[in-house]
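Geometric and topological summary
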Amino acid sequence: MNQNANAITTLCSHLCVGEGVVPLEPKEWTDLAAKLMQLGLQPKDLFDLPKEALIETVQLSEATAERILRLLGRSASLSFALSEYENMGITVVTRADLQYPAKLKKVLGTHCPPLFYCAGDMTLLNRSYIGYVGSRTVSEDDIAFTKTTVQKTVAQGYGVVSGGAKGIDTVSTEEALSRGAPAVEYLSDSMLQKMKKSATVKAVRDGKLLLLSVAKPDAPFNVGLAMMRNRYVYAQSCGTIVVRSEYNKGGTWAGAVDNLKNEWCKELCRDKKSYQGNRVLIERGAIPINEAWNGDPNSLAPRFEQAEQMTLFDL
């Protein structure tokens, strides 16, 4: 881990959080990174700045300066914890690393998280993906549609990116892997639990599956993180398919509406009239698809043109 990556991890990781240690949230890190850039400083320089310099030069409040110093003071214990996770196959990638998801930087810009915990071959991020999202509770018809559609998108040369949850996420990932295609999962919790499954470990070791999460590896389910990871799925994909969504309820709906608003990627939605959520998403701009679709997102005219977004400097 380079020194800048070490600084970002030390300031933002939720590992080794003791009394008086409150890691920086993504927006807080983005604001601090912008100040450092304006001063011609790098994250690693924070290790050498005394409290007075943090206050006078970086223009931080006394409370924030003390918070930064407390966070930096846990560097040794954090390094030990990270080495233990590394032995389990889980590492950290930060915005200071070349391996950080480049497509997320391009699409999400300053809204990219400062770090991800990851397991697998990071070069899989260089491949092209179709996102799959949908309810955790699915019917046999939903499963059949998902598998058939994955087969079509895989045949077009795409892998699968999902949130790794039960239901549509798991069905799409498993189908892609069974077809020899790569898969990326942006998890919102429980990476350690995921890594206990033999099929997951095999896929990761074979270089076919990549797991990423902003949540620490042993984190329990968190609604906020689950909602946040939806945008990573959309941003990573060349087009995301909404297989099934409840109307105005749940993470699938919120993520789909968020994408229509922000235009991160083409949004494709299963055209099934009996699903109110799907029907309304199509009315709002999602591109309808059915069993006749050939699996190529480029064959579908977008309802909008994705705008090129500015990105913050890589750190």
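In this convention, every chain numbers its residues from 1, walking through the sequence in written order. Only residues with pLDDT of 70 or above have their local features reported here, since the model is predicted, and side-chain atom pairs are shown and tallied only from 80 upward, although totals for entire chains, interfaces and linings are computed over all residues. Hydrogens and water are ignored here; the side-chain numbers use all heavy atoms of the structure.

**With respect to helix α8 (residues 168-178)**
Where α8 is concerned, the buried positions are Ile168, Asp169, Val171, Ser172, Thr173, Glu175 and Ala176. Under the DSSP-based scheme used, a helix requires at least four consecutive residues in state H or I and a strand at least two consecutive residues in state E, with every element numbered from the N terminus. Note on α8: the residue one or two positions beyond its end, Gly180, has a positive phi of about 80°. Burial classification: accessible surface area is computed with a 1.4 Å probe over protein chains only, and a residue below 20% of its type maximum counts as buried, one above 50% as exposed, and the rest as partly exposed.

**Describing the sheet that holds strand β3 (residues 129-134)**
An order of β1-β2-β6-β5-β4-β3-β7-β8-β9 is seen for the nine strands of this open sheet, with the pairing classed as mixed. Every other strand in the sheet has two partners, leaving β1 (91-94) and β9 (287-289) as the edge strands with one partner each. Averaged over all adjacent pairs, the angle separating strand axes in this sheet is 30°, with direction ignored. Here, a strand pair is defined by DSSP locating no fewer than two bridges between the strands. Sheet topology note: the β3/strand β7 (residues 239-244) ladder contains four bridges and is parallel. Considered in β7, the bridge of Gly131 is made with Thr240. Contact criterion: two residues are considered in contact whenever any of their non-hydrogen atoms come within 4.5 Å of each other. Here an angle of 0 to 180 degrees is reported between the N-to-C directions of two axes, which are lines fitted to C-alpha atoms, with helices fitted over the stretch in contact. Sitting on the sheet, helix α7 (residues 140-155) touches β3, β4 (159-162), β7, β8 (266-270) and β9, and the angle it makes with β7 is about 160°.

**Some words on the nonpolar core**
Judged by nonpolar contacts, the single largest core of 38 residues is most densely connected at Leu11, Trp29 and Leu32. Other than its neighbours up to four places away in sequence, Leu32 contacts Leu11, Leu24, Leu46, Val58, Leu60 and Ile68. Cys118, Leu210, Tyr234 and Trp253 belong to the second largest nonpolar core, which has 33 residues in total. Nonpolar cores were defined as sets of buried Ala, Val, Leu, Ile, Met, Phe, Trp, Tyr and Cys residues, with membership established by side-chain atoms within 4.5 Å.

**Overview of a nonpolar patch on the surface**
To count toward a patch, a residue needs a relative accessible area above 30% and no salt bridge. Like charges then connect within 9 Å, nonpolar side chains (Val, Leu, Ile, Met, Phe, Trp, Tyr) within 5 Å. Per-residue and other accessible areas follow the Shrake-Rupley method at a 1.4 Å probe size, with only the shown protein chains counted as cover for residues. Here, a salt bridge means any side-chain nitrogen of Lys or Arg that lies within 4 Å of a carboxyl oxygen of Asp or Glu. Together, Phe221, Val223 and Met227 make up an exposed nonpolar region whose accessible area comes to about 290 Å². Within the secondary structure layout, Met227 lies in helix α11 (residues 223-236). Taking the relative accessible area as the measure of exposure, Met227 reaches 37% and is therefore partly exposed.

**Quick word on the environment of Asn294**
Following the sequence through the fold, Asn294 ends up in the segment after β9. Residue Asn294 is classed as partly exposed on the basis of its relative accessible area of 41%. Linking Asn294 and Lys152, residues 142 residues apart in sequence, is a C-alpha distance of 6.3 Å. Non-local contacts of Asn294, meaning those with residues more than four positions away in its chain, are made with Lys152, Gln156 and Ser299. Polar contact is defined as a pair of N or O atoms within 3.5 Å, subject to the rule that within protein one atom must be able to donate a hydrogen and the other to accept it, and that residues adjacent in sequence are counted only when both atoms are side-chain atoms. In this structure the side chain of Asn294 is engaged in a polar contact, spanning 2.9 Å, whose partner is the backbone nitrogen of Asp296.

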